[in-house]
Amino acid sequence: VTGIDIRLVRAAIVRMAGRVTGMPEGAKNAHLQVMRVNGGQGAQVKPDGSFELWRPNPGKYTLRAMCNDSGEMLASAAVEVEVGDSDIDNILLTLVAPEEIRGQLEFEDEGAKEAPQMGGGPTPTRVGAQGTPQAPPPRPARRILFREVSDMARQPMGDVSEDGAFTIPKVTPGKYIVSTQGYGAYVKSIRMGDTASDGPALNLNQGSGGARVTVTLSSAFGEVGGTVRDEKGPAAGARVVLQSTLSTWMPSYGASQADGTYSFKSVAPGTYHLLVMDEGEPSTDDYDGAETVEVRPRETLTRDLKVGR
């Protein structure tokens, strides 16, 4: 195999350094979580709270300190830094104990209260052996989930009661994407105390301050569809990716049909990256070349796509 060139880029040798505060007395197990879009690594924090990382590659990083304090995990808010050609010093990470988040679900419409439907249609009536109708299947468990943006493995969750109240224990500081299970709805808006915002993003970097969190659900989904084409015309079997701009985790995948058409049903309103790609997971570079689309409530957005673009 010939013609494989390896090109080196001259880069400055730099460091990231700072201090972790709030460490329990005598703690020796504090560590630093260093995350990038394409992976992560760890580093040990010294007993005096200082840390130092040499020779990180240029790019954007998310840093978080963590420490196990007698079985309870202390964590800091995530801090974002961008490495260039100079040292980054005086990064401050403060450990805090996890807190309990209490809140309430509210519903914009009656459809948001319903259980999710299989196949997008009404729940069919089940018929017994004697031809008599049977009770519908039990409703799936109703839960609320907080997915941490920089570490989607971190997913604190809690059950939702009949009146919509919920409690999520042991929530560490961070930025979260809020979602629910057991409802055919999406998160339209969130209010924490007197602060309200549209969409499912919830910033708990500074904690909740004891404020209740109100989450409003809606069933006014949108749709995205169109036709995928290549140089010969409509392309069957093309892999279409739809990814929210709020997070690079958990994209939605679809495939074009025999006539080249594709469709995403039940899309929560918001801004998305839309692209056609081959195998593997989408990367930051893929999204840089993707089309950005805005999905609105109860509307069907039509976007035709080209293979290789």
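In this report, we go over the structure that sits alongside the text.

Criteria and cut-off values
- Throughout this description, residue numbers start from 1 for each chain and increase along the sequence as written.
- Side-chain atom pairs in this predicted model are given and counted only at pLDDT of 80 or more, local residue features only at pLDDT of at least 70, and totals for whole chains, interfaces and linings cover all residues.
- Side-chain measures were taken over the full set of non-hydrogen atoms in the model, leaving aside hydrogen atoms and water.
- Labels follow the DSSP assignment, with helices taken as runs of H or I lasting at least four residues and strands as runs of E lasting at least two, numbered in each case from the N terminus.
- Accessible area is worked out with a 1.4 Å probe on protein chains only. A residue is then buried under 20% of its type maximum, exposed over 50%, and partly exposed in between.
- Any two strands with at least two DSSP-identified bridges between them are counted as paired.
- For every element, the axis is a line fit to its C-alpha atoms; helices are fit only across the contacting stretch, and the angle between N-to-C directions ranges from 0 to 180 degrees.
- Among buried residues, those of type Ala, Val, Leu, Ile, Met, Phe, Trp, Tyr and Cys that are joined through side-chain atoms within 4.5 Å constitute a nonpolar core.
- Residue contacts follow a heavy-atom distance rule, with two residues in contact if any of their heavy atoms lie within 4.5 Å.
- The rule for a salt bridge is simple: a side-chain nitrogen of Lys or Arg has to be within 4 Å of a carboxyl oxygen of Asp or Glu.
- Under the rule applied, a polar contact is a pair of N or O atoms within 3.5 Å (in protein, one hydrogen donor and one hydrogen acceptor; residues adjacent in sequence only if both atoms are side-chain atoms).
- What goes into a patch is any residue over 30% in relative accessible area without a salt bridge, connected to like charges within 9 Å or, for nonpolar side chains (Val, Leu, Ile, Met, Phe, Trp, Tyr), within 5 Å.
- With residues, only the protein chains shown are counted as cover, and all accessible areas are computed by Shrake-Rupley using a 1.4 Å probe.
- The convention is simple: Lys and Arg are positive, Asp and Glu are negative, and His and the chain ends are not counted.

## Re the overall build of the protein
For the protein, the count of helices and strands is one helix and 28 strands. Every one of the 309 residues in the protein was classed for burial, and the buried ones make up 41%.

## Details of the sheet that holds strand β23 (residues 252-255)
What the four strands build is an open sheet, ordered β23-β22-β25-β26; its pairing is antiparallel. A strand with exactly one partner marks an edge of an open sheet, and here the two such strands are β23 and β26 (291-295). With direction set aside, neighbouring strand axes in the sheet form an average angle of 30°. Relative to β26, strand β25 (residues 270-276) runs antiparallel, the two being bridged by five bridges. Its bridge partner lying in β26, H273 is registered against T292.

## Comments concerning the nonpolar core
M16, V20, L32, F51, L63, I91 and L93 are the most contacted members of the largest nonpolar core, which has 23 residues in total. Looking at this core, the elements with two or more residues in it are β1 (15-21), β2 (31-36), β4 (50-54), β5 (59-69), β7 (79-83) and β8 (88-94). Ranked by residues supplied to this core, first place goes to β5 with four residues. Excluding residues that lie within four positions of it along the chain, L32 makes contacts with Q41, G42, A43, V45, F51, L53, L63, R64, A65 and L93.

## Quick notes on the pattern of salt bridges
Under the defined criterion, the tally for this structure stands at 13 salt bridges. Put simply, E110 and K113 hold a salt bridge, and the shortest N to O gap is 3.3 Å. Using a relative accessible area of 35% as the deciding quantity, one classes K113 as partly exposed. In this structure, E162 engages R142 in a salt bridge whose closest nitrogen and oxygen atoms are separated by 2.4 Å. Highlighted residues: E162 in the loop between β13 (157-159) and β14 (165-171) and R142 in the loop between β11 (133-134) and β12 (143-148), separated in sequence by 20 residues. Salt bridges sharing partners connect three or more residues here, namely R15, E52 and D89.

## Side note on the environment of D109
Here D109 lies in the loop between β9 (99-107) and β10 (126-127). Each C-alpha atom, one on D109 and one on A220, is 8.5 Å from the other, the two residues being 111 residues apart in sequence. With residues near it in sequence (within four places) discarded, D109 still touches S218, S219, A220 and R298. Reaching out from D109, the side chain makes a polar contact with the backbone nitrogen of G111 at a distance of 3.1 Å. A polar contact is formed between the side chain of D109 and the side chain of S219, at a distance of 2.6 Å.

## Section: a nonpolar patch on the surface
Taken together, the side chains of V1, I4, I6 and L8 make up a nonpolar region of the molecular surface, amounting to roughly 600 Å² of accessible area. The topology assignment puts V1 in the segment before β1.

## A short note on the side chain of S50
Of note, S50 is situated in strand β4. Of the polar contacts made by the side chain of S50, one reaches the side chain of D48; its length is 2.7 Å. Among residues more than four places away in sequence, those in contact with S50 are G18, R19 and V45.

## Description of unusual backbone geometry
Positive phi outside glycine occurs at R55, with the angle close to 60°. Here R55 is to be found in the loop between β4 and β5. Owing to a relative accessible area of 61%, R55 belongs among the exposed residues under this scheme. With a phi angle near 55°, K170 is a residue other than glycine that sits in the positive phi range. Looking at the secondary structure, you find K170 in strand β14.

## Quick look at the environment of A258
With respect to the helices and strands, the residue A258 is situated in the loop between β23 and β24 (261-267). Spatially, the C-alpha atoms of A258 and A238 are 9.8 Å apart, while their sequence positions differ by 20 residues.

## Details of the sheet that holds β1
Across the sheet, three strands lie side by side as β4-β1-β8; this open sheet has mixed pairing. Strand pairing shows two members of the sheet lacking a second neighbour, β4 and β8, which therefore form its edges. When strand polarity is set aside, the average angle formed by the axes of neighbouring strands in this sheet is 25°. Relative to β8, β1 runs parallel, the two being bridged by five bridges. The residue bridging T21 from the neighbouring strand is T94, located in β8.

## Details of the side chain of D109
It is R298 that comes nearest to the buried, bridge-free D109 among opposite-charge side chains, at 4.1 Å. Within the local environment of D109, its side chain forms a polar contact with the backbone nitrogen of A112, the two atoms lying 2.9 Å apart. One polar contact links D109 to S218, side chain to side chain, over a distance of 3.5 Å.

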